[in-house]
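Read off the chains here:
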Amino acid sequence: MNTTQTRERTDRARSRAFSEQEVYDAVKNLRRRYVLYSLNRQRGSVELGELAEQIAAWENNISREEVSPEQRKSVYSALYQTHLPKLENIGIVSYDRDSKQVSFTDGARDFELYLATDSQTTVPWHKLYVALSAVGALLLALGWFELVPASGFQLATFVLVAFGMTATAHFYDRHCWQQRFQGATPDLAVEFGDDGRFL
């Protein structure tokens, strides 16, 4: 397939939404999930050889420097012959056969990939923020009706400090997670728009 055909397919993908079945077909294979994750992480195009080397490293749980030529070739061939054409047919990924660059299509911007081991899945930060909001609203209401011995400024300061401390803890927890899993083989999940999560 030439570059013109690839561009035409990309243009068609921009004008329609993906069906649930198409999304499932895209992410049910681990190598395709690795492709999507890598593109999401790079925030741009990736050269096919580099992509194959990174996926081979993840599959064998080794560093990219340790990937053998055979391992890289095996993944490269599978991506070129099977997985990239599949993702292209759906309209999620574009592959330029001249430059060997792989990238998301404009129509795939709703894909959100994340690590299933993200610390946000073990610490319910969203619930903490909701609880803080509820406590803050209650305190401010009590202060408004002068039912607590504190001024509005003192109550607002308390709420602000509580939110600041929680946000700092959230930031630190995420930083620790990123350090702990830096370079590790990703355990992937994908969320597509509002349709739900595909593991």
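A brief structural summary.

Definitions and limits used
- Residues numbered from 1 in each chain as written.
- Predicted model: local features only at pLDDT ≥ 70, side-chain atom pairs only at ≥ 80, totals over all residues.
- Heavy atoms only, no water.
- Pairing = 2+ DSSP bridges.
- Helix = DSSP H or I, 4+ residues; strand = E, 2+ residues; numbered from the N terminus.
- Contact = heavy atoms within 4.5 Å.
- Axes fitted to C-alpha atoms, helices over the stretch in contact; angles between N-to-C directions.
- Phe/Tyr/Trp six-rings, centres within 6.5 Å; stacked < 30°, edge-to-face > 60°.
- Buried < 20%, exposed > 50% of the residue type's maximum accessible area, 1.4 Å probe, protein only.
- Patch = residues over 30% accessible without salt bridge, like charges linked within 9 Å, V, L, I, M, F, W, Y side chains within 5 Å.
- Areas by Shrake-Rupley, 256 points an atom, 1.4 Å probe, with all protein chains shown as cover.
- Salt bridge = Lys/Arg side-chain N within 4 Å of Asp/Glu carboxyl O.

### Brief notes about the sheet that holds strand β1 (residues 46-47)
Line of reasoning, step 1. Taken in spatial order, the 3 strands line up as β1-β3-β2 in an open sheet, and their pairing is antiparallel. One side of each edge strand has no neighbouring strand; the edge strands of this open sheet are β1 and β2 (93-96).
Line of reasoning, step 2. Bridge count between β1 and strand β3 (residues 101-104): 2 bridges; the pairing is antiparallel. Within the sheet, the bridge partner assigned to Glu-47 lies in β3 and is Gln-101.
Line of reasoning, step 3. The strands that helix α3 (residues 30-42) touches are β1, β2 and β3; relative to β3, the one it contacts most, it runs at about 80 degrees.
Line of reasoning, step 4. The sheet strands contacting helix α5 (residues 69-90) are β2 and β3, and the helix crosses β2 at an angle near 130 degrees.

### Focus: the packing of aromatic side chains
Line of reasoning, step 1. If you walk through the whole model with that rule in mind, you get 4 aromatic pairs.
Line of reasoning, step 2. Considering the side-chain rings of Tyr-80 and Tyr-95, the 6.1 Å spacing of their centres and the 90 degrees angle between planes classify their relative orientation as edge-to-face. Placement of the pair is Tyr-80 in helix α5 and Tyr-95 in strand β2, with a sequence separation of 15 residues.
Line of reasoning, step 3. Given the relative accessible area of 1%, Tyr-95 is considered buried.
Line of reasoning, step 4. An aromatic cluster of three or more residues is present, and its members are Tyr-34, Tyr-37 and Trp-58.

### Some remarks on a nonpolar patch on the surface
Line of reasoning, step 1. Taken together, the side chains of Trp-144, Phe-145 and Leu-147 make up a nonpolar region of the molecular surface, amounting to roughly 460 Å² of accessible area.
Line of reasoning, step 2. Note that Trp-144 resides in helix α6 (residues 125-144).

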